Amino acid sequence: MTSVIIDCDPGLDDAIAILLAIKHLNVVGITTVSGNESIEKVTTNALKVLELGGATHIPVVRGSDRPLKRDPVYAPHFHGESGMGGADLPAPTKVPLEGHAVEFIIEVGMSASDLVLISIGPLTNIATALRKEPRLRERVKLISMMGGSVTNGNVTPAAEFNVYHDAEAADIVFRAKIPIFMAGLNLTGQVLVGQKEIGVIRTINNGAAQVVADLLNFYVTASERLGARGASLHDPCAVMAVIEPDMIEFESMHVVVETSGDHTYGMTVCDRRAGALGRRKDERSNSVWDEIDDQLSRPKQANVEVGVSIDRERFFFFLVETLQRY
Ligand code: RIB
Ligand code: CA
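The rules behind each value
Residues numbered from 1 in each chain as written. Chains lettered and ligands numbered in written order. Predicted model: local features only at pLDDT ≥ 70, side-chain atom pairs only at ≥ 80, totals over all residues. Heavy atoms only, no water. Core = buried A, V, L, I, M, F, W, Y, C linked by side-chain atoms within 4.5 Å. Buried < 20%, exposed > 50% of the residue type's maximum accessible area, 1.4 Å probe, protein only. Contact = heavy atoms within 4.5 Å. Near = heavy atom within 4 Å. Polar contact = N/O pair within 3.5 Å; in protein donor to acceptor, adjacent residues only side chain to side chain. Areas by Shrake-Rupley, 256 points an atom, 1.4 Å probe, with all protein chains shown as cover. Helix = DSSP H or I, 4+ residues; strand = E, 2+ residues; numbered from the N terminus. Nonpolar A, V, L, I, M, F, W, Y, C, P; charged D, E, K, R; others polar. Axes fitted to C-alpha atoms, helices over the stretch in contact; angles between N-to-C directions. Parallel < 35°, antiparallel > 145°, perpendicular 65-115°, else oblique. Left-handed = near helix turned anticlockwise from the far one by under 90°. Donors = N, O, S within 2.8 Å, 3.2 Å for Na, K, Ca; no water. Salt bridge = Lys/Arg side-chain N within 4 Å of Asp/Glu carboxyl O. Phe/Tyr/Trp six-rings, centres within 6.5 Å; stacked < 30°, edge-to-face > 60°. Lys NZ or Arg CZ within 6 Å of the ring centre and 35° of its normal.

Regarding the nonpolar core
Buried together is how nonpolar side chains tend to be arranged in soluble globular proteins.
Phase 1: By size, the foremost hydrophobic cluster in this structure holds 65 residues, and its most contacted members are I6, L25, V27, I30, I118, I201 and L216.
Phase 2: Non-local contacts of L25, meaning those with residues more than four positions away in its chain, are made with V4, I118, V239, V242 and I243.
Phase 3: Counting residues in each nonpolar core, the second largest holds 39 residues, with V102, L115, A129 and C270 among its members.

Structural notes on the site of ligand 1
Phase 1: As a structural note, the neighbourhood of ligand 1 is formed by 13 residues, with D13, D14, N154, E160 and D235 the closest of them.
Phase 2: Taking I120, its main chain carries an N or O atom lying 3.0 Å from an oxygen atom of ligand 1.
Phase 3: One of the side-chain N or O atoms of E160 is found 2.6 Å from an oxygen atom in ligand 1.
Phase 4: Relative to its unbound accessible area of 270 Å², ligand 1 is 97% covered by the protein chains.
Phase 5: For the shell around ligand 1, the elements supplying multiple residues, two or more each, are α1 (12–21), α7 (161–165) and α12 (234–243).
Phase 6: Across the shell around ligand 1, the residue classes break down as 3 nonpolar, 5 polar and 5 charged.

So, the packing of helix α10 (residues 195–202) against helix α11 (residues 207–225)
Phase 1: Their axes nearest at 9 Å, the elements α10 and α11 cross at an angle of 165°. One way to sum up the angle between α10 and α11 is to call them roughly antiparallel. Crossing of α10 against α11: the hand is left-handed. In contact with Q195, I198, I201 and R202 of α10, α11 contributes A209, Q210, V212, A213, D214, L216, N217 and V220.
Phase 2: Among the residues forming the contact of α10 with α11, the class breakdown is 7 nonpolar, 3 polar and 2 charged.

Considering the side chain of T322
Phase 1: Inspection of the secondary structure assignment puts T322 in helix α13 (residues 312–323).
Phase 2: What makes T322 buried here is its relative accessible area of 1%.
Phase 3: Within the local environment of T322, its side chain forms a polar contact with the backbone oxygen of F318, the two atoms lying 2.8 Å apart.
Phase 4: Ignoring anything within four residues of it in the chain, the contact list for T322 reads L19, L20, K23 and H24.

Considering the coordination of the calcium ion (ligand 2)
Phase 1: On the protein side, the calcium ion (ligand 2) has D9 (OD), D14 (OD), D14 (OD), I120 (O) and D235 (OD) as donor atoms, found 2.2 to 2.6 Å from it.
Phase 2: Donor residues for the calcium ion (ligand 2) sit on one chain with the sequence pattern D-x4-D-x105-I-x114-D. Taken as a pair, D9 and D14 share a single burial class, namely buried.

Considering the environment of S34
Phase 1: Note on placement: S34 falls in the loop between β2 (27–32) and α2 (39–52).
Phase 2: Its relative accessible area of 1% is what places S34 among the buried residues.
Phase 3: Between the alpha carbons of S34 and R66 there is a distance of 5.7 Å; along the sequence they are 32 residues apart.
Phase 4: Dropping the residues within four chain positions of it, S34 is found in contact with I39, S64, D65, R66, P72, Y74, P122 and H165.

Points about the pattern of salt bridges
Phase 1: What the rule picks out here adds up to 14 salt bridges.
Phase 2: Among the salt bridges present, the one from R314 reaches E244, with a minimum N-O distance of 2.5 Å. Taken as a pair, R314 in helix α13 and E244 in the loop between α12 and β9 (248–257) lie far apart in primary sequence, 70 residues in all.
Phase 3: Residue class for E244 comes out partly exposed when judged on its relative accessible area of 24%.
Phase 4: Here D246 and R314 are joined by a salt bridge, their closest N and O atoms 2.7 Å apart. Taken together, the residues span a long stretch of sequence, with D246 in the loop between α12 and β9 and R314 in helix α13 at a distance of 68 residues.
Phase 5: It is possible to trace a salt-bridge network through shared partners that takes in K196, E197, R312 and E313.

A closer look at unusual backbone geometry
Phase 1: Its identity is not glycine, yet K177 carries a phi of approximately 65°, on the positive side.
Phase 2: Mapped onto the elements of the fold, K177 is located in the loop between α8 (167–174) and β6 (180–183).
Phase 3: The class of K177 is exposed, set by a relative accessible area of 68%.

Quick notes on the packing of aromatic side chains
Phase 1: A complete count under the given rule lists 3 aromatic pairs for this structure.
Phase 2: With 5.5 Å between their ring centres and 80° between their planes, Y164 and Y265 make a pair best called edge-to-face. With a gap of 101 residues between them, Y164 in helix α7 and Y265 in the loop between β9 and β10 (268–271) connect regions that are remote in the sequence.
Phase 3: We classify Y265 as buried; its relative accessible area is 3%.
Phase 4: In this structure, R70 packs its charged tip against the face of Y265, placed 3.4 Å from the ring centre.

Here is the structure:
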């Protein structure tokens, strides 16, 4: 059975993603990374969410407390000071596993034959693990990540938060030649929730669903206050891509991360030009670009499966059905 590690920065949408994943996937560990909030807060929140989901058998392993190069940039305006705005969960009864998330990812990756990494925070832990143990490139079957965007950013006009928080780490991961599913803002923005959806979840009579409704209420209020039409279920999209990939339409693209632009730092530059689309790593392309010698303009071969559309109704039905199982 495929082993899954969720690398996260809970975070309201991370919490929902974890509750979705543990009912459908063989989650062998939750690793935490500085992102929405400090490593201390996101690690405590991960413990709380597993307790809420009755899954305290799954270890939580504390990870990187800062990006590879830049200073951390937190997001309390979306997730609250605690990182779990709207929910007053009890202090966790469990503590994190001894050791660092990077070592945990390496250990599981080198022992399991088919590790899938679900990355729903900055990519600092995963990039560091790849640097320390390059052989992971052949061992990790897939990285399903929430991050980047084919179109607009959220933390800047060009960059999405997870990639922006540590663009150097994201650059390492995108160059690693590991199969990647990318759930960027262009996709996650199709899964908007508002008070109507909260009302549906509120009718589910169990603790986990009620907490999800509380978290979403905080998230929707914060999002609408900042001008959005609702709250995007960002992180659950990266989980859904593993559980039910046919719920999402993907396009093969070459994606590279900007790590130096004054205005574009953290941008995922996605190549949708004809020659890049559909050109997978191992296919000889017969596109028109083959006749063009200009190496600069010629599209590089695709390195990422980029989510471009998602069945929103099916997604929300699947989430509600999962919450009913708690
Ligand atoms: O841009 C959205 C991402 O940033 C999500 O993972 C959210 O949890 C925040 O980490
Ligand atoms: Ca997150």
